There are 4 protein chains.
Amino acid sequence: MFEFRITRRVEFHETDLAGIVHFSNFFRYMEVCEHAFVRSFGTVVHPGENNDGGIIGWPRVHSECDYRRPLRYDEEFEIHLLVHDKKEKAIHYDFRFWKPGDAATTPLAQGKLVVVSVGRIAGEVKAIPLSPLFLQHIQIAPAELLAQYK
Amino acid sequence: MFEFRITRRVEFHETDLAGIVHFSNFFRYMEVCEHAFVRSFGTVVHPGENNDGGIIGWPRVHSECDYRRPLRYDEEFEIHLLVHDKKEKAIHYDFRFWKPGDAATTPLAQGKLVVVSVGRIAGEVKAIPLSPLFLQHIQIAPAELLAQYK
Amino acid sequence: MFEFRITRRVEFHETDLAGIVHFSNFFRYMEVCEHAFVRSFGTVVHPGENNDGGIIGWPRVHSECDYRRPLRYDEEFEIHLLVHDKKEKAIHYDFRFWKPGDAATTPLAQGKLVVVSVGRIAGEVKAIPLSPLFLQHIQIAPAELLAQYK
Amino acid sequence: MFEFRITRRVEFHETDLAGIVHFSNFFRYMEVCEHAFVRSFGTVVHPGENNDGGIIGWPRVHSECDYRRPLRYDEEFEIHLLVHDKKEKAIHYDFRFWKPGDAATTPLAQGKLVVVSVGRIAGEVKAIPLSPLFLQHIQIAPAELLAQYK
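As a convention, each chain's residues are numbered from 1 in the sequence order in which they are written. Key to labels: chains lettered from A, ligands numbered from 1, both in the order written. This being a predicted model, a pLDDT of at least 70 is required before a residue's local features are given, and a value of 80 or more before pairs of side-chain atoms are given or counted; all residues contribute to the totals for chains, interfaces and linings. Side-chain measures were taken over the full set of non-hydrogen atoms in the model, leaving aside hydrogen atoms and water.

Attention shifts here to the sheet that holds strand E1 (residues 3–9) of chain D. Spatially, 10 strands are ordered E1(A)-E3(A)-E4(A)-E5(A)-E2(A)-E3(D)-E6(D)-E5(D)-E4(D)-E1(D) in an open sheet, and the strand pairing comes out antiparallel. Strand pairing shows two members of the sheet lacking a second neighbour, strand E1 (3–9) of chain A together with E1 of chain D, which therefore form its edges. The average undirected angle you get between the axes of adjacent strands in this sheet is 15°. Where helix H1 (residues 25–40) of chain D meets the sheet, its contacts fall on strand E2 (60–67) of chain A together with E1, strand E3 (60–67), strand E4 (76–86), strand E5 (90–98) and strand E6 (109–116) of chain D, and the angle it forms with E3(D) comes to roughly 120°. By definition, two strands form a pair when at least two bridges between them are found by DSSP. Helix and strand assignments come from DSSP, with helices taken as H or I runs of at least 4 residues and strands as E runs of at least 2, each series counted from the N terminus. For helices, the fitted line uses only the C-alpha atoms of the stretch in contact; every axis is such a line through C-alpha atoms, and the angle between N-to-C directions lies from 0 to 180 degrees. Contacts: residue pairs with any heavy atoms within 4.5 Å of one another.

What follows is the structure in structure tokens.
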């Protein structure tokens, strides 16, 4: 798989006094979509010890977001995840936010997360290779798809 | 000690589209005040294992809040903690929220937290007695103070 | 209608270092359920000006929660809303949190929200009577149902 | 001014089950520091209508963060803001997070916010030039300072 989509509705507590979703919440939305993606092929992001090749967590090392159009209370929206890159010990995800049936030619917002798989080696938390489960299920998205909204 | 005060300023992300502090954030404010209180006599709420009489945490078993006047972005406010009760394994806190120099006769909001001290007994997390540090530093507030804003 | 149910999954950002859902988030869950309930009979909680009998918002005047069992990352749970009381200008909601297929005889948590309908009268935000839409769709739950988990 | 610093302590609700500050909260920290910076020269980020050259808000159009070392509950940290660029209608801020007395040669985390000043023109919210107050008080930081932690 190289892409995944979820839909969601803006909750009241996610808005701020400007009447729109607080910009920090787009990072929570991206993470929720990433976790749903990972769940879709049978694992969870925080499996605890001794599961899935020893992975105990996925710290984020980079995150970013560009905001183009506001998102308001009670509006439905789609989060579209794309696998941008797959490294030995890290995954780069791209995210695009859309309104359903959106006629717009650019997303509401676009973001990125770079996450590293970590495990415990001799008592210390260290980056470790992606597990076979991730290697098997995750493919890099086609270049033309990744280049679509720059 | 039976009371404690901190002041704080409303942050933008704490507001919602109604232009006021989202009601759930008053519980975060209460907890921040409780933790500052506990820090003031030399411990932290989550000391980890084998510290302070074996206490490893303080789960909340009850919380409540009454909201009387709105609190807005950038406004300063005071959180006033009072020890309402001290049980063998639990503490009942009262909280009152004020604007500095407030001429009002009732608080902006009033709340309560009931927290239980837990430790690990034979591998299981269970309620345990308050540590000597808490017993030494925490007194119940005078009844007339507790009864002031019902 | 006197009750409503939604299911939800715990998101990573809703947990705290104790490994469970932060207690303040139960209030966000209650509100999300209330808003879904209101949406189910064709309105939204923040309709803006001049809609639904002039109601412009539903400030919370009281909230509370009792926590009995922990709720963890990635767990599914059900929020069960019951209309506890219907006043001229306010609604009292009860909430119970369950795991699906829960064999337990008490909820994970139980909560309450008291919300007031407000509108603009001569420029000022004031409590106003419930709109016909609310009066038509909301009934008080049977007493034996409300008394079930005290 | 081209830089500003605040210190802060990690609050319990800001952590997640991995025991560290949830990555999304670094964006809230950056914003709190930006708002304190703006307050320091006599304005607020959301002044309402008809104030400070007609600016009614500062939507974020870009945000990013790189995470290098974890930040834990109850730890104090410093947020260091630098003005990276000043455009006609936008400000680019850089942020660096440090522990006090940090011997480390790289920050805990580094981030960026790009914010646009908006006002109401003929009823519509549009980007407008920075107000005289901002032009007077904000200078771009020296290039060697900005280049220090790439």
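Our next topic: the sheet that holds strand E8 (residues 124–127) of chain D. All names here are of chain D. One open sheet holds the three strands; their spatial order is E2-E7-E8, and the pairing between them is antiparallel. Two strands close off the open sheet at either side, each with one partner strand: strand E2 (55–57) and E8. Looking at each pair of strands side by side, their axes are set apart by 55° on average, direction ignored. Direction of pairing for E2 relative to strand E7 (residues 118–121): antiparallel, over a ladder of two bridges. Note on E7: the bridge partner recorded for Gly 57 is Val 118.

Attention now goes to the packing of aromatic side chains. Paired rings are identified among Phe, Tyr and Trp, the last through its six-membered ring, by centres lying within 6.5 Å, and are further divided according to the angle between planes into stacked (under 30 degrees), edge-to-face (over 60) and tilted (the rest). Using the criterion set out here, one finds 66 aromatic pairs over all chains in the structure. Judged by centre distance (5.8 Å) and plane angle (70°), the rings of C:Phe26 and C:Tyr29 are edge-to-face. Residue C:Phe26 and its partner C:Tyr29 are both found in helix H1 (residues 25–40); the two are separated by three residues, about one turn of the helix. C:Tyr29 carries the same exposure label as C:Phe26, and that label is buried. Between D:Phe41 and D:Phe134, the aromatic rings sit 5.3 Å apart at their centres with planes inclined by 90°, giving edge-to-face as the arrangement. Here D:Phe41, found in the loop between H1 and E2, pairs with D:Phe134, found in helix H2 (residues 132–137); they are 93 residues apart in sequence, far enough to count as distant. D:Phe134 carries the same exposure label as D:Phe41, and that label is buried. Whether a residue is buried, partly exposed or exposed follows from its accessible area with a 1.4 Å probe, protein chains only, as a fraction of its type maximum: under 20%, in between, or over 50%, in that order.

Right, let's get into the relation of the copies chain B and chain D. Its rotation angle being 180°, the transformation that places chain B on chain D also includes 0.0 Å of axial translation and leaves an RMSD of 0.0 Å. Viewed as a symmetry operation, the transformation between the two copies matches a two-fold axis. It is B:Arg8 whose C-alpha, among those of chain B, lies nearest the rotation axis, at 5.8 Å. A share of 100% of interface residues in chain B that are also interface residues in chain D marks the association as one of identical surfaces. Here the copies are matched by least squares. The fit uses the C-alpha atoms of residues with pLDDT of at least 70 in both.

Between the two copies of the chain lies a relationship made up of a rotation around an axis and a movement along it. Between chain A and chain D, the superposition needs a rotation of 180° and an axial shift of 0.0 Å, giving an RMSD of 0.0 Å. An overlap of 100% is found between the interface residues of chain A and their copies at the interface of chain D, pointing to a shared contact surface.

Every contact between the two is made by 19 residues of chain A and, on the other side, 19 residues of chain D. Taken together, the two surfaces of chain A and chain D that pack against each other cover about 1700 Å², and 55% of this comes from carbon and sulfur. Buried area, as used here, totals the accessible surface that two parts lose on assembly, with accessibility defined by a 1.4 Å probe and the loss added over both. The largest per-residue losses of area from chain A upon contact with chain D belong to A:Phe23, A:Arg28 and A:Tyr67, which jointly make up 30% of the total buried on that side. One speaks of a salt bridge when a side-chain nitrogen belonging to Lys or Arg is within 4 Å of a carboxyl oxygen belonging to Asp or Glu. Taken together, the connections running from chain A to chain D amount to zero salt bridges. Under the rule applied, a polar contact is a pair of N or O atoms within 3.5 Å (in protein, one hydrogen donor and one hydrogen acceptor; residues adjacent in sequence only if both atoms are side-chain atoms). Counting across the interface, chain A meets chain D through 16 residue pairs in polar contact (both at pLDDT 80 or more).

Right, let's talk about the nonpolar core for a bit. In this description, a nonpolar core means a group of buried Ala, Val, Leu, Ile, Met, Phe, Trp, Tyr and Cys residues linked to one another through side-chain atoms lying within 4.5 Å. Ranked by size, the top nonpolar core spans 78 residues in total, and within it B:Tyr93, B:Phe97, C:Tyr93 and C:Phe97 carry the most contacts. In this structure C:Tyr93 touches C:Glu34, C:Phe37, C:Val38, C:Leu81, C:Leu82, C:Val83, C:His84, C:Gly111, C:Lys112, C:Leu113, C:Val115 and C:Ile138, once residues within four positions along its chain are discounted. By size, the runner-up hydrophobic cluster in this structure holds 76 residues, among which are A:Ile55, A:Phe134, D:Phe26 and D:Leu130.

Quick look at the confidence of the model for chain A now. Do not read the predicted coordinates in detail wherever pLDDT is low. Per-residue confidence from the predictor is reported as pLDDT, a score between 0 and 100. With 95% of its residues at a pLDDT of 70 or more, chain A shows a mean pLDDT of 92. The ipTM value of the predicted complex is 0.94, and its pTM value is 0.96.

Moving on, we get to empty space enclosed by the protein. To locate leftover empty space, one rolls a probe as large as a water molecule over the atoms. Here a cavity is any set of points on a 1 Å grid over the protein atoms alone where a 1.4 Å probe fits but cannot get out, and a pocket is any open set with protein on both sides within 12 Å along at least 5 of 7 lines; a residue lines the site when it has an atom within 4 Å of a point. Grid points are joined across faces, edges and corners, and a volume is the space filled by probe spheres set on the points. Throughout the structure, instances matching the rule amount to three cavities of 30 Å³ or more. Reported here for the largest cavity is a volume of approximately 180 Å³. What lines the largest cavity is a set of 21 residues, among which A:Arg28, B:Arg28, C:Arg28, D:His13 and D:Arg28 lie closest to the centre. Three classes are used, and their members are as follows: Ala, Val, Leu, Ile, Met, Phe, Trp, Tyr, Cys and Pro are nonpolar, Asp, Glu, Lys and Arg are charged, and the others, Gly among them, are polar. Taken together, the residues of the lining of the largest cavity break down into two nonpolar, seven polar and 12 charged. Lining the second largest cavity are 16 residues, with B:His13, B:Glu14, B:Asn25, C:Arg28 and D:Arg28 positioned closest to its centre.

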